[in-house]
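# Tertiary structure, described
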Amino acid sequence: MKNILIIADGILAKHFLERLFASKNNNLHNFYIITQNKKTLPSNKANFENFYFYSFDPTSKFRLESLMDTKFDKIMINVQDKDDAVAIYENLRYFEPNLEIDLLDFWQIDKKKDHNLRLIDAHKILSSRFMDFLPDFPVIADNIGLGLGEIMEVKVPVGSTYAYRHINSIRKKRWQIAMIYRDSMQILPTEKTMILPNDTLLITGEPRMLENVFRAIKNQIGQFPNPFGNNILVPLDMKKMRKNEIDKIIKIADLIKFKYKKLIFRVINPSFVNILDEIKNLENDKISIVIDYSHKASNFDLSLLSEFDIGLIITNLNIFNAQKRDFYEARVPILKIGQGDFEDLKKGFVLGDENQAEYISNIVLDVCAQLGLEIDFYLQSSGLKTAQEHLESLSKLFGKKVNIIAQDTQNPILKLRKNDDMLQFVNFTEDIFANRFVSIFSKNVDNLNFLLNKSYQLFIPKDDKFGG
């Protein structure tokens, strides 16, 4: 058993002692408690053999000396007066130059390069704990583990993009869901566990990663392009695009009613003064025009993503095919426009298996809800039952009817490629770069998306940065 000296004074010290006396682990060590005012001791004063009580002024070096014959392993100072705290500390250092001391600090005391003195910032702890009661703020375990935010508690709100998702549909790189609390019950999650609205998740991982996961969980219906970013980027290459193509993509960008903060047109290889003047005249509080006059901008500039907080890129087929690899590396959704008119879109659809569908289903329903589109999921019948449970739950959440269609009997691509009033949602994976001749014989639907390249297509990346 270790010997622990506690010097206590004031109301906070009284509450601390109350918790100590009530703790089931208070029999592990010997506690020597010094109080100057007997009112500091709680009424339920501990009656254990391992508790020893003393009443005297601890700022007196002479009084302390009588107790320092005991070999202490730790000393804790919890008093309400700064001068008393400093005097007690200095007295103790006289007797024990190297002993570990914890001091509850209300006054930002100068540590004086004492590596064995731990100042516990009372204001920081109280303000941090008070922050935990703010709605939609993460609760971080400050005093567990490293105390750097690697353990976090977050409540899943109604409408969250994480609600009604199975654990195995969420990519968890550098973070994990350790526990789910539901209806005052603890649930140890498995890959098949479904997250429900109002669940509280205990998540662990890298602090920065958890901050992004928290934002992703708290994002609600109608938030796209969040959590990828808050703004929309439209690259305009005047060397590769004709005027009618530029006019069409500008019109589509204006029609999109996603919840973005800023629409950014980036003009590269500027020419045709009249068209350039028309683009410049678009600039207002919601639209920014960025023109690159260097004539060297042949590839997509990834630095724009962080500079402008980009969450969606809008482009056409030619630019998409020319810069497909750059767009893939961007790790944000890419809306590739189709041949038809954007305002004529009636339906969104997904091709794939249940895992692919579940991964992007939240985004699909969010986008379709914002654009007023119907939704079709063409899924392999082998995973239809699992996907149906998930999609029907999401359907209720978003208030959107979801049509689930088994695709085993006939390849739907042959039928769908005839329609120009549909928006396809595509998992943006490495499969997009597969050789087209080889892809014809592939059973992977993602390899066949080029057959629908005349349609509107929204390519959704798999990116661990957003916890999905």
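Residues numbered from 1 in each chain as written. Predicted model: local features only at pLDDT ≥ 70, side-chain atom pairs only at ≥ 80, totals over all residues. Heavy atoms only, no water.

Moving on, we come to the overall build of the protein chain. Looking only at helices and strands, one finds 14 helices and 23 strands in the protein chain. The 468 residues of the protein chain split such that 50% are buried. Long-range pairs, those at least 24 residues apart, make up 71% of the contacts in the protein chain between residues at least 6 apart in sequence. When the accessible surface of the protein chain is summed, it comes to about 24300 Å², and 50% of that surface belongs to carbon and sulfur atoms. (Helix = DSSP H or I, 4+ residues; strand = E, 2+ residues; numbered from the N terminus. Buried < 20%, exposed > 50% of the residue type's maximum accessible area, 1.4 Å probe, protein only. Contact = heavy atoms within 4.5 Å. Areas by Shrake-Rupley, 256 points an atom, 1.4 Å probe, with all protein chains shown as cover.)

Now for the pattern of salt bridges. One pass over the structure, following the stated rule, counts 13 salt bridges. Residues Glu 100 and Lys 74 are paired through a salt bridge, measuring 2.4 Å at the closest nitrogen-oxygen approach. With Glu 100 in the loop between helix H3 (82-95) and strand S5 (101-105) and Lys 74 in strand S4 (residues 74-78), this pair connects stretches of sequence that are 26 residues apart. Accessibility expressed as a relative area gives 37% for Glu 100, which makes it partly exposed. (Salt bridge = Lys/Arg side-chain N within 4 Å of Asp/Glu carboxyl O.)

This next bit is on H3. The terminal C-alpha atoms of H3 lie 21 Å apart, and with 14 residues this matches the ideal 20 Å at 1.5 Å per residue to within 8%. Three or more residues of H3 are buried, namely Ala 85, Ile 88, Tyr 89, Asn 91, Leu 92, Arg 93 and Phe 95. Residues of H3 that are buried make contact with strand S1 (3-8), helix H2 (61-65), S4, S5 and strand S6 (117-121). For H3, the side-chain oxygen to backbone nitrogen distance between the N-cap and Asp 83 is 3.0 Å, and the N-cap itself is Asp 81. (Expected span 1.5 Å × (residues − 1). Polar contact = N/O pair within 3.5 Å; in protein donor to acceptor, adjacent residues only side chain to side chain.)

Together, Met 131, Leu 134 and Phe 137 make up a nonpolar patch on the protein surface, roughly 260 Å² of accessible area in all. Positionally, Met 131 belongs in helix H4 (residues 122-131). The class of Met 131 is partly exposed, set by a relative accessible area of 40%. (Patch = residues over 30% accessible without salt bridge, like charges linked within 9 Å, V, L, I, M, F, W, Y side chains within 5 Å.)

What follows concerns the sheet that holds S1. Each strand in a sheet pairs with another by means of backbone hydrogen bonds, the pair being arranged parallel or else antiparallel. The six strands lie next to each other as S3-S2-S1-S4-S5-S6, forming an open sheet whose pairing is parallel. On the outer flanks of this sheet lie strand S3 (51-55) and S6, each paired with one strand and no other. The mean angle between the axes of side-by-side strands here comes to 15°, regardless of whether they run parallel or antiparallel. In terms of strand pairing, S4 meets S5 through three bridges, oriented parallel. (Pairing = 2+ DSSP bridges. Axes fitted to C-alpha atoms, helices over the stretch in contact; angles between N-to-C directions.)

Moving on, we get to the pairing of strand S14 (residues 231-237). For S14, the buried fraction is high: seven of the seven residues fall into the buried class. Alternating positions in S14 separate into two faces, Asn 231, Leu 233, Pro 235 and Asp 237 on one and Ile 232, Val 234 and Leu 236 on the other, with burial throughout. Both S14 and strand S15 (residues 262-268) contribute to a ladder of seven bridges, which runs parallel. Among the inter-strand pairings, Pro 235 is bridged to a residue of S15, identified as Arg 266. Both S14 and strand S17 (residues 310-315) contribute to a ladder of three bridges, which runs parallel. Directly across from Leu 233, in S17, lies its bridge partner Ile 313.

Turning our eyes to something else, we now look at the side chain of Thr 193. Within the secondary structure, Thr 193 is located in the loop between strand S11 (185-187) and strand S12 (194-195). At 2.9 Å, the side chain of Thr 193 and the backbone nitrogen of Thr 190 are in polar contact. Filtering out sequence-adjacent residues up to four positions away, Thr 193 remains in contact with Arg 165, His 166, Ile 167 and Ile 180.

With antiparallel pairing, the five strands of this open sheet are ordered in space as S7-S8-S13-S10-S11. In the strand order of this sheet, the two ends are held by strand S7 (139-140) and S11, each with one partner. As paired strands, strand S8 (residues 151-155) and strand S13 (residues 200-205) are joined by five bridges and run antiparallel to one another. Residue pairing for S13: Lys 155 is matched across the bridge by Thr 200.

Attention shifts here to the environment of Pro 157. Structurally, the position occupied by Pro 157 is in the loop between S8 and strand S9 (165-166). The sequence separation of Pro 157 and Pro 197 amounts to 40 residues, and the corresponding C-alpha distance is 5.5 Å.

Right, let's talk about the pairing of S4 for a bit. Most of S4 is tucked away, with four of its five residues classed as buried. Where S1 meets S4, five bridges bridge the pair, whose relative direction is parallel. Looking at the pairing, Ile 6 lines up with Met 76 of S4. Crossover S4 to S5 through H3 is right-handed. (Right-handed = clockwise from strand over helix to strand, strands pointing away.)

A complete count under the given rule lists 16 aromatic pairs for this structure. Where Phe 349 meets Tyr 378, the ring centres are 6.5 Å apart and the plane angle is 90°; that geometry is what we call edge-to-face. Taken together, the residues span a long stretch of sequence, with Phe 349 in strand S19 (residues 347-352) and Tyr 378 in strand S20 (residues 374-379) at a distance of 29 residues. Linked through ring pairs, Phe 320, Phe 327, Tyr 328, Phe 428 and Phe 459 together constitute an aromatic cluster. (Phe/Tyr/Trp six-rings, centres within 6.5 Å; stacked < 30°, edge-to-face > 60°.)

In this section: the nonpolar core. Grouped together as the largest cluster of nonpolar side chains are 68 residues, with contacts concentrated most on Leu 236, Ile 314, Phe 377 and Phe 425. The biggest single contributor to this core is helix H11 (residues 354-371), with eight residues. With residues up to four places along the chain from it excluded, the contact list for Ile 314 reads Ile 232, Leu 233, Val 234, Pro 235, Ile 249, Ala 253, Ile 256, Leu 335 and Ile 337. Core analysis: the second largest hydrophobic core is formed by 22 residues, Tyr 32, Ile 88, Phe 95 and Ile 109 among them. (Core = buried A, V, L, I, M, F, W, Y, C linked by side-chain atoms within 4.5 Å.)

Glancing now at the confidence of the model for the protein chain. Confidence in the prediction for the protein chain averages 83 pLDDT; 86% of positions are at 70 or higher. When mean pLDDT is compared element by element in the protein chain, strand S18 (residues 334-336) scores highest at 95, while helix H14 (residues 436-439) scores lowest at 50. Under a pLDDT of 50 for its full length, residues 464-468 has, in the predicted model, 21 contacts with residues more than four places off or in other chains. (pLDDT = per-residue confidence, 0-100.)

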